Amino acid sequence: MDFLRPARWEEALAAKAEHPAAVPIAGGTDVMVEINFDHRRPSHLLDLTRVTELYTWQDAGDRVRLGAAVPYARVIERLAGELPGLALAARTVGSPQIRNRGSVGGNLGAASPAGDSHPALLAAGAEVEAESVRGTRLIPVEEFYTGVKRNALAPDELIRAVHVRKATGPQQFSKVGTRNAMVIAVCAFALALHPDTRTVRTGIGSAAPTPVRARTAEDFLNAALAEARCWDTGAPVPPAVAAEFARLASAACRPIDDVRGSAAYRRHAVGVMARRTLAWAWEQHTTGEGTARCA
Amino acid sequence: MRVNVTVNGRPRQADDVWEGESLLYLLRERLGLPGSKNACEQGECGSCTVRLDGVPVCACLVAAGQAHGRDVVTVEGLAARAGAAEGHLSPVQQAFVDAGAVQCGFCTPGLLVAADDLLERDPDPSDADIREALSGNLCRCTGYEKILDAVRLAAARTARSGQGA
Ligand SMILES: Cc1cc2nc3c(=O)[nH]c(=O)nc-3n(C[C@H](O)[C@H](O)[C@H](O)COP(=O)(O)OP(=O)(O)OC[C@H]3O[C@@H](n4cnc5c(N)ncnc54)[C@H](O)[C@@H]3O)c2cc1C
Ligand code: FES
Ligand code: FES
């Protein structure tokens, strides 16, 4: 095994082009487990922890350009104002030790259906900035997850950053597990209100082969809220609308039975979380709380 | 490969380090510092917790090569870091002994590093803060109550000695 230690981003891209099978390692909270348990023996480890720009973020107008290796702890401390959904999701990751190392870029690299960033990114709206020596492209996060633990990166590409739309309204995240810490999601649900476009977006985790949006549920809810003039009046979401939204969110799942939970339980729980996160977010929206949650 | 790393304030060097090796292995097997414990090697138990450039991390999930040129503090370094005289314990360590927070002791080094970090950031943590800060450290013996007592005791003693100074 070779340990590649690029000091600059251009060197990292050149190394990945030269050794497409090299395994990038940032926080190492996925990669090291695989190596410790002999599940992976890459020819090259490509250490990204010296590439300082991966640990920075920039204000990019209506987006935050979040460096791939920024640890969850920093997202929670510094970005909860602009990216409240992602910060809420980050709070549920592992433990303090894991949040000090683990990153959104690593979560995307691993592309586990249970990764907690994914529902929040789907609901907020995000694009993955993938770069290689050939150039840069922005991949809508919906198109980034291509299968169980598979993503859209080409062998010579690295994730430079993820561009996440800043919240224009309340965002919520909910996760089912056996305790508050150190839990891989049985299933998870994220919801973001976008008052600027009068739309609601969602993300489902751990209840399908990839993280997915509940698009039919979103379309139904967007039409129903418009029809009931809820955005204009600030009236509560009619219970029948919330119930149908929950049913459609459940229907968007394609879960499996596994050690963490049955498919039927996951489908049920996603419906419950959909209804609850909608109620919480709508309450924040209509009472004016939540959007100005301080960083 | 060769790894140079500062451990507990001293520059250390190790040669022939395997590229896939963890910082935990480097500390225990190459640098003669067995204080950090290896219980799971998958980040679940926290018994390998060390500070890397000041930040608590699971040493089992840091590649040894990633620690090159960095600063590591292990449980062996806590007393000196707290300014304790040679042969004496740091306030957090002493509180663990006094509160009966140590049974088999396997989880203790990781808990000490995590608790030490908490009290440095927040000298007067609430119970919820203590639980949160220690949520990545498992103990199979104590039932955690005495561990919470120990952290409260360390906080109270530090506050008292701070007032006296
Ligand atoms: C005890 C424990 C608890 C955990 N709990 C949770 C949890 O609650 N929720 C959750 O979602 N996850 C959890 N995880 C998994 C893990 O912490 C996350 O997936 C984390 O986001 C990984 O980030 P990292 O920087 O450590 O990635 P790494 O381990 O460094 O890398 C992960 C993957 O991404 C690739 N990669 C990393 N950076 C890049 C890049 N810039 N470009 C291209 N590819 C890249 C790597 O090659 C690898 O395939 C847990 C892990 C452990 C050990
Ligand atoms: S040995 Fe590292 S967390 Fe358990
Ligand atoms: S004292 Fe035995 S594991 Fe904690």
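Owing to the predicted nature of the structure, the values given are computational and were not obtained by experimental measurement. (Residues numbered from 1 in each chain as written. Chains lettered and ligands numbered in written order. Predicted model: local features only at pLDDT ≥ 70, side-chain atom pairs only at ≥ 80, totals over all residues. Heavy atoms only, no water.)

(A) Quick peek at the sheet that holds strand β3 (residues 49–52) of chain B. Residue and element names in this part refer to chain B. Strand order across the open sheet formed by five strands is β2-β1-β5-β3-β4, with mixed pairing between neighbours. Sheet topology places β2 (10–14) and β4 (55–58) at the edges, where each strand pairs with a single neighbour. This sheet shows a mean twist of 40° between the axes of neighbouring strands, independent of strand direction. Relative to strand β5 (residues 71–73), β3 runs antiparallel, the two sharing two bridges. Of the residues in β5, the one forming a bridge with leucine 52 is valine 72. Across the sheet, helix α1 (residues 23–30) lies against β1 (3–7), β2, β3 and β5, angled at about 80° from β1, the strand it touches most. Where helix α4 (residues 108–121) meets the sheet, it contacts β3 and β4, and its direction lies at approximately 45° from that of β3. (Pairing = 2+ DSSP bridges. Helix = DSSP H or I, 4+ residues; strand = E, 2+ residues; numbered from the N terminus. Axes fitted to C-alpha atoms, helices over the stretch in contact; angles between N-to-C directions. Contact = heavy atoms within 4.5 Å.)

(B) Seen up close, the domain arrangement of chain B. Residues and elements named next belong to chain B. Split by domain assignment, chain B resolves into domain 1 (3–74) and domain 2 (78–161). Just the C-alpha atoms count here: the centres of domain 1 and domain 2 sit 21 Å apart. Contacts between domain 1 and domain 2 engage 15 residues on the former and 14 residues on the latter. Where domain 1 abuts domain 2, roughly 1100 Å² becomes buried across the two surfaces, and 58% of that area is made up of carbon and sulfur atoms. The largest per-residue losses of area from domain 1 upon contact with domain 2 belong to Lys37, Thr49 and Arg51, which jointly make up 40% of the total buried on that side. Connecting domain 1 to domain 2 are three salt bridges. Residue aspartate 117 pairs with arginine 51 through a salt bridge whose shortest N-O separation is 3.7 Å. Run the count over domain 1 and domain 2 and you get four residue pairs in polar contact (both at pLDDT 80 or more). Of the residues assigned to the side of domain 1 that touches domain 2, the class counts are five nonpolar, seven polar and three charged. (Domains from an automatic or database assignment. Buried area = accessible area lost by both parts, 1.4 Å probe. Salt bridge = Lys/Arg side-chain N within 4 Å of Asp/Glu carboxyl O. Polar contact = N/O pair within 3.5 Å; in protein donor to acceptor, adjacent residues only side chain to side chain. Nonpolar A, V, L, I, M, F, W, Y, C, P; charged D, E, K, R; others polar.)

(C) Fine view of the site of ligand 1. All names here are of chain A. In the vicinity of ligand 1 there are 37 residues, among which Pro24, Thr29, Asp30, Tyr72 and Asp116 approach most closely. One nitrogen or oxygen atom from the side chain of tyrosine 72 is found 2.6 Å from an oxygen atom belonging to ligand 1. Here an oxygen atom of ligand 1 and a side-chain polar atom of asparagine 107 are 2.8 Å apart. Look at ligand 1: alone it shows 980 Å² of surface, and the protein chains cover 93% of it. Contributing elements (two or more residues each) for the shell around ligand 1: β2 (23–25), α2 (31–36), α5 (96–101), α6 (104–110) and β10 (158–165). Here the shell around ligand 1 gets four residues from one element, more than from any other, and that element is α6. Broken down by class, the residue content of the shell around ligand 1 amounts to 18 nonpolar, 13 polar and six charged. (Near = heavy atom within 4 Å. Areas by Shrake-Rupley, 256 points an atom, 1.4 Å probe, with all protein chains shown as cover.)

(D) Here's a closer look at the side chain of arginine 50 of chain A. Examined against the element boundaries, arginine 50 of chain A turns out to sit in the loop between β3 (44–47) and β4 (57–60). At 3.1 Å, the side chain of arginine 50 of chain A forms a polar contact with the backbone oxygen of glycine 65 of chain B. Excluding anything up to four places from it in sequence, arginine 50 of chain A contacts Arg5, Pro6 and Ala7 of chain A together with Gly65, Gln66, Ala67, His68 and Arg70 of chain B.

(E) Structural view of the UniProt feature "domain: FAD-binding PCMH-type" (unreviewed entry) in chain A. On the UniProt side, "domain: FAD-binding PCMH-type" (unreviewed entry) is annotated at positions that read residues 1–169 of chain A here. Regarding residues 1–169 of chain A, the helix share stands at 33% and the strand share at 27%, and the terminal C-alpha atoms are separated by 48 Å. (UniProt positions renumbered as here; feature names shortened; annotations may be inferred.)

(F) Structural view of the packing of helix α11 (residues 239–251) of chain A against helix α12 (residues 263–287) of chain A. Residues and elements named next belong to chain A. Interaxial distance between α11 and α12 falls to 8 Å at its minimum, and their mutual angle equals 140°. By the angle class used here, α11 and α12 are oblique. Seen along the crossing, α11 lies across α12 with a hand that is right-handed. From α11, Ala242, Phe245, Ala246, Ala249 and Ser250 reach across to α12, where they touch Arg267, His268, Val270, Gly271, Ala274, Arg275 and Leu278. (Parallel < 35°, antiparallel > 145°, perpendicular 65-115°, else oblique. Left-handed = near helix turned anticlockwise from the far one by under 90°.)

(G) Broad picture of the sheet that holds strand β1 (residues 2–4) of chain A. Residue and element names in this part refer to chain A. Pairing is parallel in the open sheet, where three strands are placed in the order β1-β3-β2. The open sheet is flanked by β1 and β2, the only strands paired with a single partner. Each strand axis lies, on average, 25° off the axis of its neighbour in the sheet, ignoring direction. Where β1 meets β3, three bridges bridge the pair, whose relative direction is parallel. Residue pairing for β3: phenylalanine 3 is matched across the bridge by leucine 45.

(H) Fine view of the nonpolar core. Ranked by internal contacts, the top residues of the largest apolar core, which has 83 residues, are Leu108 and Leu121 of chain A together with Leu23, Leu26 and Leu27 of chain B. A total of five residues in this core trace back to one element, the largest contributor, which is helix α7 (residues 117–124) of chain A. Those residues within four positions of leucine 26 of chain B in sequence are excluded, and the remaining contacts are Val3, Val5, Ala14, Val17, Glu21, Leu31 and Ala64 of chain B. Counting residues in each nonpolar core, the second largest holds 30 residues, with Leu221, Cys230, Ala249 and Val270 of chain A among its members. (Core = buried A, V, L, I, M, F, W, Y, C linked by side-chain atoms within 4.5 Å. Buried < 20%, exposed > 50% of the residue type's maximum accessible area, 1.4 Å probe, protein only.)

(I) Focus on the confidence of the model for chain B. Overall, the predicted model of chain B reaches an average pLDDT of 96, with 98% of residues at or above 70. Interface confidence in the predicted complex, given as ipTM, is 0.97; pTM for the same model is 0.96. (pLDDT = per-residue confidence, 0-100.)

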